[in-house]
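Residue-level listing of the chains:
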Amino acid sequence: METDTHTEKILITGALGQIGTELTNRLVEIHGAENVIASGLDRWDKKLTSAGFYERMDVSNTQLVRQVCKDYEITTVYHLASLLSGTSERQPQFAWKLNVEPLLNFLELAKEGLIKKVFWPSSIAVFGKGIPKENVGQDVVLNPTTVYGISKMAGEKWCEYYHEKYGVDIRSIRYPGLISWKTPAGGGTTDYAVEIFYEAIEEGKYKSFISENTAMPMLYMDDAINATLQLMDAPSENLTVRSSYNLGGMSFTPKELATEIKKEIPEFEISYEPDFRQAIADSWPASIDDSVAKKDWGLTYDFGITEMTKDMIKNLKVKLG
Ligand code: AKB
């Protein structure tokens, strides 16, 4: 049964993170502040989130999470709290604990009927080595070689299991690299594509930790938020994937992005000094086939590399003064 959007009570974990801040504010516009409960480890920053309520909580605290879901009569959870690829390589045990166990807890709460619907982000990191680089399909065999990828693959399998075995309404997207100007990224391999804009504007130059010809799939935040809301609004019976949907967005290399930035900031210079994240990028696809998401729930995009670059620079110039 579909959740009536007028009676939805929404909990967002990781609400002060890169996706969380923008998604929370969009959910407030749609459902009203009184129906949106943001949560995170940090103090409530009212400048960042317009949610009506904020719970400062560690998402690994299963009892507290259950209590919060009960107290607010939560129907829908966007469970975004996660460690990204770069940081996960440095803290493997913690990455596994944070990226998998709280998800299992939410799946259990949904199985019990305490909550009705869950969104959880997976990543292009699930694919890994030995998989063709271009146009990677929805159903290829997954072979992640990073801690982050392993945790996301396991999470996807749990999602599928809880849906098939217990009918849990879990929905998920394999996000590519996300680019946004409102909140910085943190600890990811695709973060170069955000950092580059800050440094282009502030310094006129950028040293990329990813080599010049490494292509990765990327998505502008506006498109990521729209896709997430589209998937969550789709009728349950239309969804054929309960592990996680491929999302391709756009694909480009650091060199191609630098060329776009130069059109807006002609003096911009890029140099390259790949670090440990290059090996992570090398194990990921260069482009993704997202035809299943287009067919099942009408995925569309508004931003290509040129529109995204113009929008990033316009907004960041204002933000950075
Ligand atoms: C990362 O680089 O770790 C993330 C991702 C692609 O999931 N942006």
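Predicted model only: the values in this text are computed from it and were never measured.

1. Digging into helix α1 (residues 18-31)
The terminal C-alpha atoms of α1, which comprises 14 residues, lie 21 Å apart, in line with the 20 Å expected from a rise of 1.5 Å per residue. Restricting attention to buried positions, one finds in α1 the residues Q18, I19, G20, T21, E22, L23, T24 and L27. Within two residues after α1, G32 carries a phi angle of roughly 90 degrees, on the positive side.

2. Brief notes about the site of the ligand
Taken together, 13 residues form the shell around the ligand, and within it L84, S85, S123, G188 and T189 come nearest. Counting only domains with at least three residues in the shell around the ligand, you end up with domain 1 (10-177 + 221-246) and domain 2 (179-217 + 249-320).

3. Side note on the UniProt feature "domain: NAD-dependent epimerase/dehydratase" (unreviewed entry) in the chain
According to UniProt, the feature "domain: NAD-dependent epimerase/dehydratase" (unreviewed entry) maps to residues 10-248 in the numbering used here. Secondary structure across residues 10-248 comprises 40% helix and 19% strand; the distance between its end C-alpha atoms is 27 Å.

4. So, the sheet that holds strand β7 (residues 177-179)
Across the sheet, three strands lie side by side as β7-β9-β11; this open sheet has mixed pairing. Strands with a single pairing partner mark the edges of an open sheet, and in this sheet they are β7 and β11 (250-252). Put simply, the sheet's adjacent strands are angled 45 degrees from each other on average, direction ignored. Across three bridges, β7 lies against strand β9 (residues 216-220) in parallel orientation. The residue of β9 that forms the bridge with L178 is L219.

5. Some points on the sheet that holds strand β1 (residues 10-13)
The seven strands are arranged β3-β2-β1-β4-β5-β6-β10 in an open sheet whose pairing can be described as parallel. Looking at which strands have only one partner, the edges of the open sheet turn out to be β3 (53-56) and β10 (245-246). In terms of strand pairing, strand β6 (residues 169-175) meets β10 through two bridges, oriented parallel. Counterpart to I173 in the pairing with β10 is Y245.

So, how was this worked out
- Residues numbered from 1 in each chain as written.
- Predicted model: local features only at pLDDT ≥ 70, side-chain atom pairs only at ≥ 80, totals over all residues.
- Helix = DSSP H or I, 4+ residues; strand = E, 2+ residues; numbered from the N terminus.
- Expected span 1.5 Å × (residues − 1).
- Buried ≥ 20, exposed ≤ 12 C-beta atoms within 10 Å, placed from the backbone.
- Near = placed C-beta within 6 Å.
- Domains from an automatic or database assignment.
- UniProt positions renumbered as here; feature names shortened; annotations may be inferred.
- Pairing = 2+ DSSP bridges.
- Axes fitted to C-alpha atoms, helices over the stretch in contact; angles between N-to-C directions.

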